[in-house]
Amino acid sequence: MTDWTLDDDDDALALPQSQITKNKDGTETIVTYRMEDGKKVKTTRRIKKTVVKQVVNPRVAERKHWTKFGAEKGKPAGPQSDTTSVAENIVFRPMANWKASAEDKTETEKKKLAMKDAKIKCRICSGDHWTTKCPFKDTMAPEGEPGGAELDEAVDATGGLGPSGSSYVPPHLRKGGAATGDRMGGRYERDDLATLRVTNVSEFAEEQDLRDMFSRFGHVTRVFLAKDRETGRAKGFAFVSFADRAEAAKACEKMDGYGYGHLILKVEFAKKSTT
Amino acid sequence: MRPILLSGHERALTQVKYNKDGDIIFSVSKDHVVGAWFSYNGERLGTYHGHQGALWTVDVDPTTTFLATGGADNTMRLWNVQTGKLLKTWEFGSSIKRVEFSSDGSKLLGVTEKRTGHLSTIVVYDIVQDVDAEQTDEQSLRIVCDESKATVAGFSYGAKWIIAGHEDGSVSQYDVKGGELLDNVMVHEPDMPITDMQWAPDRTYFITASKDKTAKLISTKDLNVMKSYNTDTPLNSAAITPVKDYIILGGGQAAMDVTTTNARQGKFEARFYHKIFEEEIGRVRGHFGPLNYVAVHPLGTGYCSGGEDGYVRVHHFDKPYFDFMYEVEREQARM
């Protein structure tokens, strides 16, 4: 008869035997158990063994069997995980005319360059200026949409100053107002889909810095950095609009958590403005 | 290329060296310990304990029997490579900045630091080629560098001359027999210390790295600057690759200056230059701190770098490295 206390202890300490199973595709699955901080840890590794034969000179072969000494004394053969590890893969491809900037020139990089070369085209009159600078922006709607003038006519039919014609209607409620002063909040508002909201921006940040940082990912159409009216310092948030939503998504992913001016940037897609 | 990361040291690496067959890497660091590693898988063979201060330098003799080290505890030590046993300790008045065996292993030189009351010297000992024999205390040569302290030194081919690099950016050639100064040439910017000097396989020329952000390829015989490699960062080390005509440079902003500079890139990369065309052909990233030393596998199959971050990274080159050729080289190969 055995002492039950001993038995219990043994149970807790006894670790199952490690198992090695050979898989059909030539790999092996190794299951090992070990104790860590009083807990049983099960490790399952799936490995593929390849035998690489290498011919070395006898001196090297002899040295391979030297017994370990110093801090390694008594350790088993093979690399120990506490001193030796394998780092991530590095692509090293020597090339002529190598430049620091050429290092990670990828497809997106090229695309960005193409965007820079692209001509500026007005969305309203297709002229070579920005849409905001268009001389016709108050009279015409962007191409492919009903023109502002037509809209006005439709409004005129029901009376330009509201339904009754006599009572005062504030400008922002006038239907025709959409075509003039209230334009920005109206139908032709900016495409918020590709706009990022950047928060936790250093108060010494400049719009140009942000533009430089973000134009790495694509064509930046607008940068707005909120500034304090009195001090002229940044308030800590900014909006960055991209021409393409995919680029915005990429920038969002890459720049979120980026350290800039001692602060960690927080980047997310801007929410639809409430107006 | 998947580098092997050797993380056995607790402080900044100061030098790493391959033995002549390239199967073992020796590393020294400021943590007082010498490490020996198998280069093919990164397995640690052992450590050598005994030094009482930061280590600056290590070298192994051609037969991988003796290991010499020098450090800030003012001693130069000789070890049995296989067992890790300390064979001999030479004591000096100041720290040892560089040790090097001659190409046949019969001589060992040490460079001592300049300190109040001590001038910088280059000392040479004859090594008895037997691990059980008593090594001599007697210096076979002592060169005093009174003008500018020596930072690096080594034996030329056939142990004919001793070539030394100095703190003021010059290199000197000394006669091995009597220790006379034969030549002194200013190769780097004045007062920019030479940080490293490594030999070509046949020791007919060598490369120096300097804080002036350049590395120079210099002939041993007449100290003629043959090639110059310009970078944008202070250099700590330069190596010449066999097989392919490349140069590997390592450096980076010193740790004390890092906070005052643009942190995006401390420029902690190994830079590859073409030896003949003096043009940069690529970089290898990985270290978190300046590279203190780069060493090339004697057979040209890989290199390793020791960094201020306390890691040794062992790289085995893959195909693109060996395939790369300039157009003119390719034409040459076709003919």
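See the structure shown above.
Thresholds applied
Residues numbered from 1 in each chain as written. Chains lettered and ligands numbered in written order. Predicted model: local features only at pLDDT ≥ 70, side-chain atom pairs only at ≥ 80, totals over all residues. Heavy atoms only, no water. Helix = DSSP H or I, 4+ residues; strand = E, 2+ residues; numbered from the N terminus. Buried < 20%, exposed > 50% of the residue type's maximum accessible area, 1.4 Å probe, protein only. Areas by Shrake-Rupley, 256 points an atom, 1.4 Å probe, with all protein chains shown as cover. Contact = heavy atoms within 4.5 Å. Polar contact = N/O pair within 3.5 Å; in protein donor to acceptor, adjacent residues only side chain to side chain. Buried area = accessible area lost by both parts, 1.4 Å probe. Salt bridge = Lys/Arg side-chain N within 4 Å of Asp/Glu carboxyl O. Nonpolar A, V, L, I, M, F, W, Y, C, P; charged D, E, K, R; others polar. 1 Å grid on protein atoms, 1.4 Å probe; cavity = no way out; pocket = protein on both sides within 12 Å on 5 of 7 lines; lining within 4 Å. Points joined across faces, edges and corners; volume = space filled by probe spheres on them. Patch = residues over 30% accessible without salt bridge, like charges linked within 9 Å, V, L, I, M, F, W, Y side chains within 5 Å. Pairing = 2+ DSSP bridges. Axes fitted to C-alpha atoms, helices over the stretch in contact; angles between N-to-C directions. Phe/Tyr/Trp six-rings, centres within 6.5 Å; stacked < 30°, edge-to-face > 60°. Lys NZ or Arg CZ within 6 Å of the ring centre and 35° of its normal.

Q: Would you take a moment to explain the overall build of chain B for this structure?
A: Assigned secondary structure in chain B consists of two helices and 28 strands. With 335 residues in all, chain B has 61% of them scored as buried. When the accessible area of chain B is evaluated, it comes to approximately 12800 Å², of which 48% is carbon and sulfur surface.

Q: Quick question: what am I supposed to make of the overall build of chain A here?
A: Counting secondary structure elements, chain A contains six helices and ten strands. Residue burial in chain A is summarised as follows: out of 275 residues, 26% are buried. Taking the intrachain contacts of chain A between residues at least 6 apart in sequence as the baseline, contacts between residues at least 24 apart amount to 45%. Summed over its atoms, the accessible surface of chain A is roughly 19900 Å², and 54% of this surface lies on carbon and sulfur atoms.

Q: What is the right way to look at the side chain of His9(B) in this model?
A: All names here are of chain B. As for its placement among the helices and strands, His9 is situated in the loop between strand 1 (4-6) and strand 2 (13-18). You can call His9 buried: its relative accessible area is 9%. For His9, the side chain forms a polar contact with the side chain of Asp31, separated by 3.3 Å. Among all residues touching His9, those that are not within four sequence positions of it are Ser27, Ser29, Asp31, Val33, Gly35 and Gly310.

Q: I'm lost on the interface of chain B and chain A in this one. Help?
A: Think of interface size as the accessible area that goes away when the parts come together; that is how it is often given. Tallying the contact residues gives 45 residues for chain B and 33 residues for chain A. Here chain B meets chain A over a buried area of about 3500 Å², counting both sides, of which 56% is carbon and sulfur. Counting across the interface, chain B meets chain A through five salt bridges. Salt-bridge contacts for Asp21(B) lead to Arg63(A); the nearest nitrogen and oxygen are separated by 2.6 Å. Within the residue set of the side of chain B that touches chain A, elements represented by two or more residues are strand 1, strand 4 (34-38), strand 5 (44-48), strand 25 (280-284) and helix 1 (319-323) of chain B. Along the lines of polarity and charge, the residues of the side of chain B that touches chain A split into 19 nonpolar, 14 polar and twelve charged.

Q: Looking at this structure, how should I read the layout of surface pockets?
A: The method is simple in principle: a probe with the dimensions of a water molecule rolls over the atoms, and the space it marks as empty is what remains. The space that makes up the second largest pocket amounts to roughly 1100 Å³. Residue lining of the second largest pocket: 43 residues in total, with Tyr18(B), Asn19(B), Lys20(B), Val296(B) and Pro298(B) positioned closest to the centre. Breaking the lining of the second largest pocket down by element, the ones donating at least two residues are helix 2 (58-64) of chain A together with strand 2, strand 6 (55-60), strand 10 (96-101), strand 18 (194-199), strand 22 (235-240) and strand 26 (291-296) of chain B.

Q: Just checking my understanding: could you explain unusual backbone geometry for this structure?
A: For residues that are not glycine, phi is negative in most cases, and the peptide bond is trans in most cases. Residue and element names in this part refer to chain B. Even without glycine at this site, Lys213 takes up a positive phi of about 75°. If you trace the backbone, Lys213 turns up in the loop between strand 19 (205-210) and strand 20 (214-219). When its relative accessible area of 35% is taken as the criterion, Lys213 is described as partly exposed. One non-glycine residue, Leu223, lies in the positive phi region at around 55°.

Q: Looking at this structure, how should I read a nonpolar patch on the surface?
A: Residues and elements named next belong to chain B. Side chains of Ile276, Phe277 and Val328 sit close together on the surface and give an oily, nonpolar patch of about 240 Å² of accessible area. Within the fold, Ile276 resides in the loop between strand 24 (270-274) and strand 25. Accessibility expressed as a relative area gives 39% for Ile276, which makes it partly exposed.

Q: What's the story with the pairing of strand 6 (residues 220-227) of chain A in this structure? I'm lost.
A: Along any regular strand the residues' side chains alternate between the sheet's two faces. Residue and element names in this part refer to chain A. As judged from the six bridges shared by strand 6 and strand 7 (residues 234-242), these two strands associate in the antiparallel manner. Directly across from Val223, in strand 7, lies its bridge partner Val240. What sits between strand 6 and strand 7 in their antiparallel hairpin is a turn of six residues, with Gly232 showing a positive phi close to 80°.

Q: For this particular structure, what's the right way to read the pattern of salt bridges?
A: Close approach of charged atoms allows side chains with opposite charge to pair. Across all of its chains, the model carries 27 salt bridges over all chains by this definition. A salt bridge links Glu268(A) to Lys266(A); its shortest N-O distance comes to 3.8 Å. A salt bridge links Arg283(B) to Glu269(B), with the nearest nitrogen and oxygen atoms 3.0 Å apart. Of the two residues, Arg283(B) sits in strand 25 while Glu269(B) sits in the loop between strand 23 (246-251) and strand 24, which places them 14 residues apart along the sequence.

Q: In this structure, what is going on with the sheet that holds strand 4 (residues 84-86) of chain A? I would like to understand it.
A: Strand pairs in the sheet, formed through backbone hydrogen bonds, run parallel or antiparallel to each other. Taken in spatial order, the five strands of this open sheet run 4(A)-1(B)-28(B)-27(B)-26(B), and their pairing is antiparallel. Two strands bound the open sheet, and with one partner strand each, they are strand 4 of chain A together with strand 26 of chain B. Put simply, the sheet's adjacent strands are angled 20° from each other on average, direction ignored.

Q: What exactly am I supposed to notice about the packing of aromatic side chains here?
A: Given two aromatic rings, one states the distance between the centres and the angle between the planes to describe the pair. Tallied over the entire structure, the rule returns 23 aromatic pairs over all chains. Arranged with centres 6.4 Å apart and planes meeting at 35°, the rings of Phe92(A) and Tyr321(B) form a pair that is tilted. With Phe92(A) in the loop between strand 4 and helix 3 (107-117) and Tyr321(B) in helix 1, this residue pair bridges two chains. Considered together, Phe92(A) and Tyr321(B) belong to a single accessibility category, that of buried residues. Aromatic side chains Phe317(B) and Phe322(B) sit 6.3 Å apart centroid to centroid with 80° between the ring planes, which places their arrangement in the edge-to-face category. On the accessibility criterion, Phe317(B) (8% relative accessible area) is buried. Judged by its relative accessible area of 31%, Phe322(B) is partly exposed. By the ring-pair criterion, three or more aromatic residues cluster together here, those being Phe92(A), Tyr246(B), Phe272(B), Phe277(B), Tyr303(B), Phe317(B), Tyr321(B), Phe322(B), Phe324(B) and Tyr326(B). One cation-aromatic arrangement involves Lys64(A) over Tyr40(B); the distance from NZ or CZ to the ring centre is 4.5 Å. The ring of Trp56(B) has Lys97(B) lying over it, and the distance from NZ or CZ to the ring centre is 3.8 Å.

That is the geometry; function is a separate question.
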